[in-house]
Amino acid sequence: MQKTILVTGGAGYIGSHCAKLLSKKRFRVVVYDSLVRGYRDAVKYGEFFQGDIGDRASLDALFTSYPIDAVMHFAAFIAVGESVEKPDLYLTNNYEKTLVLLDAMAAHGVGKFIFSSTSALYGDPQYVPIDENHPLNPVNPYSRSKAQVEQTLREREASQGLQSVVFRYFNAAGADSEGELGERHDPETHLAPLVIRAALGAGKPLSIFGTDYDTPDGTCVRDYIHVNDLCSAHILGLEHLFAGRPSDVFNLGNGNGFSVKEIVATVEKITGKKVPCKYEARRAGDVSRLIANAEKAKRVLGWKTDYPDIRDIIGSALAFQKGRS
Ligand SMILES: NC(=O)c1ccc[n+]([C@@H]2O[C@H](COP(=O)([O-])OP(=O)(O)OC[C@H]3O[C@@H](n4cnc5c(N)ncnc54)[C@H](O)[C@@H]3O)[C@@H](O)[C@H]2O)c1
């Protein structure tokens, strides 16, 4: 029988791409989003129900209206810098409101949950590539809010039997290959769209924070994973839960690191345009290298990446940005 999946935050970047893949895989999709940071026109797949995850009455109406089999929870605030300035906002929106969602699920007998966590949980890594056994060291309110949800999921499994799959994403990037969806954060804080906009003359010159890190060219190194590869992992995570397999935690990344300067060079090569750059001091909280060991997701879920090449990731993001300008 067709399963119904609730996608919170489905008007945002990753959630909208997942809603599309779920629909293609013939799941019934219900998107739940307050539009606080999302876009109604990004909900191109599934039914839309506008509401806040902290609004219990709205959630009760939702769970009464739809026979939800599992929840994919993307809704959150995502900017580390903002979380440092407004820690309570992140505690409330990302943690406390998730508790309201989990309570509503429990009240309506929904026991399967997929959660968007982050590699930021690992803090400044003791080793790379980082596997799931690496100690957690959430150093800002954003990553702490994710760690708190992870802890709650473990507790609710013990107390209520909630089954969950936690995905710790490295840097999500890229866009839908059909050009329908893409990354639209406002303000944008993620590197790929910022570099692309700078190249197209549609944004400010790119600020590069720190050129003296312990990396080959001195700029920070990150692991970029195509948004569609994140989505395919979510489908496998769902199948894992529907098959009755145990709750688990998985890193999602490519296992390759690219420096800020390498991303700039990639964008320059693809666009044929020079990226105007400003070199600035290191930003507090930025770590030198974050690279995933995602072998567990491959081994346990059978996941594989379809877009391992950084040029394809950047190329898809560029096509989306060009389509908007
Ligand atoms: N983008 C990345 O690189 C990245 C990396 C690691 C983890 N994540 C996690 O993935 C998830 C999705 O990230 P994204 O980049 O798609 O973010 P996004 O900002 O594009 O989307 C988040 C969506 O959640 C909605 N939302 C926020 N608070 C809400 C609330 N209280 N009630 C209802 N809707 C609410 C927003 O309106 C928005 O549509 C987040 O949980 C984020 O922490 C993202």
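No experiment lies behind these values; they were computed from the predicted model shown.

A. Inspection of the sheet that holds strand E5 (residues 112-118) at higher detail. Taking strand neighbours across the sheet as the criterion, the 7 strands line up as E3-E2-E1-E4-E5-E6-E11 in an open arrangement whose pairing is parallel. Here the strands that pair on one side only, and so sit at the sheet edges, are strand E3 (47-50) and strand E11 (248-252). Here the average twist between neighbouring strands, direction ignored, is 20°. Bridge count for strand E1 (residues 4-8) against strand E4 (residues 70-73) is 4 bridges, and the pairing is parallel. Paired with Val-7 across the bridge in E4 is Met-72.

B. Focus on the UniProt feature "domain: NAD-dependent epimerase/dehydratase" (unreviewed entry) in the protein chain. According to UniProt, the "domain: NAD-dependent epimerase/dehydratase" (unreviewed entry) feature falls on residues 5-253. This span, residues 5-253, is 38% helix and 20% strand, and a straight line between its end C-alpha atoms measures 24 Å.

C. The packing of helix H2 (residues 56-65) against helix H4 (residues 87-107), seen in detail. For the pair H2 and H4, the least separation of the axes is 10 Å and the interaxial angle reads 35°. The handedness of the crossing between H2 and H4 is right-handed. For the pair H2 and H4, the contacting residues are Arg-56, Leu-59, Asp-60 and Phe-63 in the first and Val-100, Leu-101, Asp-103, Ala-104, Met-105 and Ala-107 in the second. Looking at side-chain class alone, the contact of H2 with H4 contains 7 nonpolar, no polar and 3 charged residues.

D. Just the site of the ligand, in detail. Residues in contact with the ligand amount to 31 residues; listed here are only the nearest, Ile-14, Asp-33, Asn-93, Tyr-142 and Lys-146. Within the side chain of Asp-33, an N or O atom sits 2.6 Å from an oxygen atom of the ligand. Arg-37 places a main-chain nitrogen or oxygen 2.8 Å from an oxygen atom of the ligand. With the chains in place, 97% of the 830 Å² that the ligand exposes on its own is no longer accessible. Of all the secondary-structure elements, those providing two or more residues to the shell around the ligand are helix H1 (13-24), H4, E5 and helix H5 (141-160). Counting residues per element, the shell around the ligand draws most heavily on E5, which supplies 3 residues. Taken together, the residues of the shell around the ligand sort by class into 15 nonpolar, 11 polar and 5 charged.

E. Structural view of unusual backbone geometry. With an omega of -10°, the peptide bond between Val-128 and Pro-129 qualifies as cis. Structurally, Pro-129 is set in the loop between E5 and H5. Here the amide bond leading from Asp-186 into Pro-187 is cis, since omega sits at 0°, within 30 degrees of zero. With respect to the helices, strands and loops of the structure, Pro-187 is situated in the loop between strand E7 (171-173) and helix H6 (191-200). Even without a glycine there, the phi angle at Arg-26 is positive, about 70°. Mapped onto the secondary structure, Arg-26 falls in the loop between H1 and strand E2 (28-33).

What counts, and at which threshold
Residues numbered from 1 in each chain as written. Predicted model: local features only at pLDDT ≥ 70, side-chain atom pairs only at ≥ 80, totals over all residues. Heavy atoms only, no water. Pairing = 2+ DSSP bridges. Helix = DSSP H or I, 4+ residues; strand = E, 2+ residues; numbered from the N terminus. Axes fitted to C-alpha atoms, helices over the stretch in contact; angles between N-to-C directions. UniProt positions renumbered as here; feature names shortened; annotations may be inferred. Left-handed = near helix turned anticlockwise from the far one by under 90°. Contact = heavy atoms within 4.5 Å. Nonpolar A, V, L, I, M, F, W, Y, C, P; charged D, E, K, R; others polar. Near = heavy atom within 4 Å. Polar contact = N/O pair within 3.5 Å; in protein donor to acceptor, adjacent residues only side chain to side chain. Areas by Shrake-Rupley, 256 points an atom, 1.4 Å probe, with all protein chains shown as cover.

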